Amino acid sequence: MFKLKKVSISLLVFLMAISILAGCNSNTNGKTEKASGGNKGGKIVVGFSQIGAESGWRTAETKSIKETLGNSPDFELKFSDAQQKQENQIKAIRNFIAQKVDVIALAPVVETGWESILKKARDAKIPVILLDRGIKVKDESLYTSFIGSDFILEGENAAKELINLIGADKGANIVELQGTVGASAANDRKTGFANGLKDNPNFKIIKSQSGDFTRVKGKEVMEAFLKSDGKNIDVVYAHNDDMAIGAIQAIEEYGLKPGEDIKVVSIDGVKDAFEAAVQGKTNIIVECNPLLGPQLAQAVKDLKAGKEIPRWIKTEESVFVGKEAAEEALPSRKY
Ligand code: GYE
């Protein structure tokens, strides 16, 4: 009797496990997501290949997409986290094609190497919308649209505001913390910043290295810069706020005052950066908006309704310089 009960409980657990597995399929990096054959119940099925969770910016972007598309009766969202690996993104796109999603949204970790998988999506007649970072492809028809910021302009604005802050006649020794190697956001922010400095040769980039868009690496690289060149550094330019926050910690541990002894300039505009600015620890924040969910939802709807969507959907962005600007903006910051 007891034995029988035990067997039937195990059988039940086994059957339950099978039915759960049947409803799910394992995606590229081992995480599971709901299976579906596309366009279920009139919903538009969107497969989103996200880069990972390296920064406050990216977490805010994921939240915005999940809140907008994941909670809407109009969409079914399939979300895949690539954990910073292009190969995971390629696998995720292959899965989305196999699942016959209606639209693929891709936040590409790096700029190159997308041709072959995007050709597969095109052959399957699934439009691809790039989100937040761009790619370099010879055949521009491999994607439909890019939703995101002008990173070159962001870099130029960072340089322009820095020159205003320090004074064009003075000049500064700058160290640069680059984003992920090969990412459009890193390449273009580097180019834009260099463009912005080129008429002011007194502003020199004395060191430049990748901190991979993370706090931990930003801190590590800044520690190395300080160790080799500490007394010479006037400014740190970080391609995102998280690396700047890591650098601020490194500067404090080195015994200098961030925002005063070493000026800090970074891009994104996450709350933590505004809090640092309020404390006078950072000087210039160039905004880059991660709340792309509503724009993606609109673009996908328009596309499915047969409308032509813009090749580049840009976002309005500002620059915040100094303590007062940060104090004023902080209460209404959404990310
Ligand atoms: O600035 C950074 C992130 O691609 C625009 O990626 C995005 C960048 C953002 O990790 O914080």
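No experiment lies behind these values; they were computed from the predicted model shown. (Residues numbered from 1 in each chain as written. Predicted model: local features only at pLDDT ≥ 70, side-chain atom pairs only at ≥ 80, totals over all residues. Heavy atoms only, no water.)

J.: Tell me about helix H3 (residues 86-98), and name the residues and values.
T.: Along its 13 residues, H3 runs 18 Å from first to last C-alpha, staying within 8% of the 18 Å computed at 1.5 Å per residue. Of the residues making up H3, those classed as buried are Asn-88, Gln-89, Ile-90, Ala-92, Ile-93, Phe-96 and Ile-97. Just downstream of H3 lies Lys-100, where phi reads positive at about 55°. (Helix = DSSP H or I, 4+ residues; strand = E, 2+ residues; numbered from the N terminus. Expected span 1.5 Å × (residues − 1). Buried < 20%, exposed > 50% of the residue type's maximum accessible area, 1.4 Å probe, protein only.)

J.: Lay out the packing of helix H9 (residues 271-278) against helix H11 (residues 322-329) in plain terms, naming residues and giving numbers.
T.: It is at 8 Å that the axes of H9 and H11 come closest, and there the two elements cross at 135°. Here H9 lies oblique to H11, going by the angle between them. Pair H9 / H11 crosses with left-handed handedness. Residue-level contacts link Phe-274, Ala-277 and Val-278 of H9 to Lys-323, Ala-326, Glu-327 and Ala-329 of H11. A per-class count over the contact of H9 with H11 returns five nonpolar, no polar and two charged. (Axes fitted to C-alpha atoms, helices over the stretch in contact; angles between N-to-C directions. Parallel < 35°, antiparallel > 145°, perpendicular 65-115°, else oblique. Left-handed = near helix turned anticlockwise from the far one by under 90°. Contact = heavy atoms within 4.5 Å. Nonpolar A, V, L, I, M, F, W, Y, C, P; charged D, E, K, R; others polar.)

J.: I'd like a rundown of unusual backbone geometry, residues and numbers included.
T.: Phi is positive for Lys-125, which is not a glycine, with a value near 60°. Within the secondary structure layout, Lys-125 lies in the loop between helix H4 (115-123) and strand S6 (128-131). The class for Lys-125 is exposed, based on a relative accessible area of 72%.

J.: An account of the site of the ligand is needed here, citing residue identities and associated values.
T.: In the vicinity of the ligand, the contacting residues are Glu-54, Ser-55, Trp-57, Arg-58, Asp-132, Arg-133, Phe-151, Ala-185, Arg-189, Phe-213, Asn-240 and Asp-268. Here Ser-55 contributes a side-chain N or O atom positioned 2.9 Å from an oxygen atom of the ligand. Contact between the ligand and Arg-189: an oxygen atom at 2.8 Å from a side-chain N or O atom of the residue. For the ligand, whose accessible area on its own is 300 Å², the fraction buried by protein is 100%. If you list the elements that add at least two residues to the shell around the ligand, you get helix H2 (56-70) and helix H6 (184-197). Residues belonging to the shell around the ligand are distributed by class as follows: four nonpolar, two polar and six charged. Two domains each provide a minimum of three residues to the shell around the ligand, namely domain 1 (44-148 + 291-304) and domain 2 (151-288 + 319-332). (Near = heavy atom within 4 Å. Polar contact = N/O pair within 3.5 Å; in protein donor to acceptor, adjacent residues only side chain to side chain. Areas by Shrake-Rupley, 256 points an atom, 1.4 Å probe, with all protein chains shown as cover. Domains from an automatic or database assignment.)

J.: Any chance you could break down the side chain of Thr-282 for me, citing the residues and the numbers?
T.: Relative to the assigned elements, Thr-282 resides in the loop between H9 and strand S12 (284-287). Excluding residues that lie within four positions of it along the chain, Thr-282 makes contacts with Ile-248, Gly-259, Val-264, Ala-273, Ala-276 and Ala-277.

J.: How would you explain the pattern of salt bridges if you had to name every residue and give the values?
T.: For side chains bearing opposite charge, pairing can occur when the charged atoms are close. Taken as a whole, this structure holds 22 salt bridges when the rule is applied. In this structure, Asp-74 engages Lys-301 in a salt bridge whose closest nitrogen and oxygen atoms are separated by 3.0 Å. Of this pair, Asp-74 sits in the loop between H2 and strand S4 (75-81) while Lys-301 sits in helix H10 (residues 293-304), and the two are 227 residues apart along the sequence. For Asp-74, a relative accessible area of 33% puts it in the partly exposed group. Given the relative accessible area of 36%, Lys-301 is considered partly exposed. With a closest N to O distance of 3.3 Å, Lys-217 and Asp-212 form a salt bridge. In this structure Lys-217 comes out as partly exposed when scored by relative accessible area, which is 36%. By relative accessible area, Asp-212 is classed as partly exposed at 25%. (Salt bridge = Lys/Arg side-chain N within 4 Å of Asp/Glu carboxyl O.)

J.: Which residues make up the pairing of strand S9 (residues 203-210), and what are the values?
T.: Relative to S9, strand S8 (residues 172-178) is paired through seven bridges, and the arrangement is parallel. Looking at S9, one finds that Leu-177 is bridged to Gln-209. Regarding the hand of the β-α-β motif, the stretch spanning S8, H6 and S9 is right-handed. (Pairing = 2+ DSSP bridges. Right-handed = clockwise from strand over helix to strand, strands pointing away.)

J.: Hey, could you go over the packing of aromatic side chains for me, with residue numbers and the actual values?
T.: All chains considered together, the criterion is met by four aromatic pairs. The interplanar angle of 65° and the centroid separation of 5.7 Å between the aromatic rings of Phe-48 and Phe-79 together place this pair among those described as edge-to-face. Of this pair, Phe-48 sits in strand S3 (residues 44-50) while Phe-79 sits in strand S4, and the two are 31 residues apart along the sequence. Neither residue differs from the other here; Phe-48 and Phe-79 are each classed as buried. Arranged with centres 5.8 Å apart and planes meeting at 50°, the rings of Phe-146 and Trp-312 form a pair that is tilted. With Phe-146 in strand S7 (residues 145-147) and Trp-312 in strand S13 (residues 312-313), this pair connects stretches of sequence that are 166 residues apart. Residue classification places Phe-146 among the buried residues on the basis of a relative accessible area of 10%. The class of Trp-312 is partly exposed, set by a relative accessible area of 37%. Directly above the ring of Tyr-143 sits Arg-311, whose terminal nitrogen or CZ lies 4.1 Å from the centroid. (Phe/Tyr/Trp six-rings, centres within 6.5 Å; stacked < 30°, edge-to-face > 60°. Lys NZ or Arg CZ within 6 Å of the ring centre and 35° of its normal.)

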